[in-house]
Amino acid sequence: MKNFKITQDGTEIYLGDGETKRMGELVKKYKGKKVLLVYGKESIKKNGLYEKIVFQLKENSIEHFDLSGVKPNPILEKVEEGIEICKRERIDFILAVGGGSVIDSAKAIAGGALDSGSVWDYYQQLRAPKEALPLGVVLTIPATGSESNPYTVLSYKDEKRGTGSPHFIPKFAILDPENTLTLPSNQTAFGVVDMFLHICEQYFHNEYTPIQDGISEGLLRGVIEIGKGLLQSPNDKNLRAASLWAGNIALSGFLAKGVNGGDWSSHSIEHEISAINDIAHGAGLAVIFPAWLEYVSKKNPKKIEQFGKYVFEMDSIESTIKAVRDFFESLSVSTFITDNSIKISDFDKIATQATKFGDIGGYVKLKKDDIKEILKIAIK
Ligand code: NZQ
Ligand code: ZN
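Residues numbered from 1 in each chain as written. Chains lettered and ligands numbered in written order. Predicted model: local features only at pLDDT ≥ 70, side-chain atom pairs only at ≥ 80, totals over all residues. Heavy atoms only, no water.

1. Description of the domain arrangement of the protein
For the protein, the assigned domains are domain 1 (4-179) and domain 2 (183-378). Distance between the C-alpha centres of domain 1 and domain 2: 26 Å. Contacts between the two partners involve 31 residues from domain 1 and, on the opposite side, 28 residues from domain 2. Overall, the association of domain 1 and domain 2 removes approximately 2,600 Å² of surface from exposure, summing both partners, and the carbon and sulfur fraction of that is 53%. On the domain 1 side of the contact with domain 2, Pro142, Asp158 and Lys160 bury the most area, a combined 22% of that side's loss. Counting every contact that joins domain 1 to domain 2 gives six salt bridges. (Domains from an automatic or database assignment. Contact = heavy atoms within 4.5 Å. Buried area = accessible area lost by both parts, 1.4 Å probe. Salt bridge = Lys/Arg side-chain N within 4 Å of Asp/Glu carboxyl O.)

2. Here's the deal with the site of ligand 1
As a matter of local geometry, ligand 1 sits amid 32 residues, with Glu42, Ser43, Gly100, Ser101 and Asp104 nearest to it. Gly100 is positioned with one of its backbone polar atoms (N or O) 2.7 Å from an oxygen atom of ligand 1. When isolated, ligand 1 has an accessible area of 960 Å², and the protein chains bury 90% of it. If you list the elements that add at least two residues to the shell around ligand 1, you get helix 5 (100-112), strand 7 (151-156), helix 7 (185-203) and helix 10 (265-277). Tallied by class, residues from the shell around ligand 1 come to nine nonpolar, 18 polar and five charged. Both domains that furnish three or more residues to the shell around ligand 1 are identified here as domain 1 (4-179) and domain 2 (183-378). (Near = heavy atom within 4 Å. Polar contact = N/O pair within 3.5 Å; in protein donor to acceptor, adjacent residues only side chain to side chain. Areas by Shrake-Rupley, 256 points an atom, 1.4 Å probe, with all protein chains shown as cover. Helix = DSSP H or I, 4+ residues; strand = E, 2+ residues; numbered from the N terminus. Nonpolar A, V, L, I, M, F, W, Y, C, P; charged D, E, K, R; others polar.)

3. Describing the sheet that holds strand 2 (residues 11-15)
The pairing of strands in a sheet happens through backbone hydrogen bonds and is either parallel or antiparallel. Strand order in the open sheet made by the seven strands is 1-2-9-6-5-3-4, with mixed pairing throughout. Each having just a single partner strand, strand 1 (4-8) and strand 4 (63-67) make up the two edges of the open sheet. With strand direction ignored, the average angle separating the axes of adjacent strands in the sheet is 20°. Relative to strand 4, strand 3 (residues 34-39) runs parallel, the two sharing five bridges. (Pairing = 2+ DSSP bridges. Axes fitted to C-alpha atoms, helices over the stretch in contact; angles between N-to-C directions.)

4. Some points on the coordination of the zinc ion (ligand 2)
Protein-derived ligands of the zinc ion (ligand 2) are Asp194 (OD), His198 (NE2), His267 (NE2) and His281 (NE2), with the metal-ligand distances lying across 2.0 to 2.2 Å. Sequence positions of the residues that donate to the zinc ion (ligand 2) give the spacing D-x3-H-x68-H-x13-H. Placement of the pair is Asp194 in helix 7 and His281 in helix 11 (residues 281-297), with a sequence separation of 87 residues. Here Asp194 falls in the buried class, since its relative accessible area comes to 2%. With a relative accessible area of 17%, His281 lands in the buried category. (Donors = N, O, S within 2.8 Å, 3.2 Å for Na, K, Ca; no water. Buried < 20%, exposed > 50% of the residue type's maximum accessible area, 1.4 Å probe, protein only.)

5. Looking at the nonpolar core
Within the largest apolar cluster, 62 residues are counted, with the highest numbers of intra-cluster contacts made by Phe196, Phe204, Phe289 and Phe307. Of all the elements, helix 11 adds the most residues to this core, at eleven residues. Not counting residues up to four positions away in its chain, the partners in contact with Phe196 are Leu220, Val223, Ile224, Phe289, Phe307, Phe312, Phe327 and Phe328. (Core = buried A, V, L, I, M, F, W, Y, C linked by side-chain atoms within 4.5 Å.)

6. Considerations on empty space enclosed by the protein
In total, this model carries one cavity of 30 Å³ or more according to the counting rule given. Considering only enclosed or pocket space, the largest cavity measures out at about 40 Å³ in volume. Taken together, Gln202, Tyr203, His205, Thr209, Gln212, Asp213, Ser216, Leu255 and Val259 make up the lining of the largest cavity. The set of elements that each furnish at least two residues to the lining of the largest cavity consists of helix 7 and helix 8 (210-232). (1 Å grid on protein atoms, 1.4 Å probe; cavity = no way out; pocket = protein on both sides within 12 Å on 5 of 7 lines; lining within 4 Å. Points joined across faces, edges and corners; volume = space filled by probe spheres on them.)

Pasting the structure below:
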């Protein structure tokens, strides 16, 4: 695949091998002179990306301050640390180098830096940010689409909540396959499951949308091919680039056009699970989605039959659900609650929290008791 640039909902996306070299110029273009560099625990220091970033910042006479140690399932406390640095040092640009956890934290920091109240208010749907510092992204794991969308997901105590704002849309995103080569196989697989789900959760709705359906079905077949391919050839930059593109399209907003929101139940349930158990987002989704398919197929089978036919060439719901499980399991991602990672004693809490703001689901509406039934199906 050749390198390309696409501008989407305000984000300049540069995709392809070697595109990282544009980072310094892009920060300068968006008037960054004092940058907060936000990153995770260790991967960018280990694989040399940190050095490349710092070199470019220096080359462009851009001062930087670091916020390191953002953890998967990121937390409010780290965001507050970043906001404090921004206010103290009069930071004018946020640069996120990492995956969804880093980018989501960077979005919250960008909002909080210009706000006198708590950013947790955004996630509690109490108020929306009025402005935010500009944000740029160097993506290191294809999965969430956060690199060019308005969404951010954050945890505080045992609540994990998402929110979105046009102010959070990054100015640029660099999707360079070179930066994803050091991903361990489990993180690669979790990312594939996540992008697969993002496509599915916009696909499952009750509107008549043959164009969007065809695009989504083709994308899902592509994601399956990429997932299986990366298992065999993790160093194949073409596959890594295709994976970055798939992860981006999956949640850039493009697939959501005209589909009335889709059905985000698996995500809503998963967020409550990873809030309590701190498991990887993709691992939680792989357990919930097949159980969700099984449960809602009894109430509204039509689109699941279409999904089976065009994505997996299956002619029954049973064989479709098995094909989904087989695909996730082929990536070594479990599709049942096999260990103690999700406790039966937490089912009530998960279901209560997932419905905190009302019933969930656009394809099939779910109440608290429905969610508990889905969780029961997920037990082997
Ligand atoms: O912390 P480091 O050392 O960098 O390690 C990370 C982390 O442990 C590692 N990693 C990332 N790039 C790497 C790498 N290791 C080696 N080489 C690389 N190139 O991968 C681990 C996971 O990183 P994380 O950022 O947590 O992954 P992901 O992108 O899957 O983000 C998950 C978070 O995003 C939220 C999820 O709920 C979860 O909190 N989501 C955000 C969304 C959004 N903003 O639109 C939507 C999603 O549905 C999702 O909810
Ligand atoms: Zn997701």
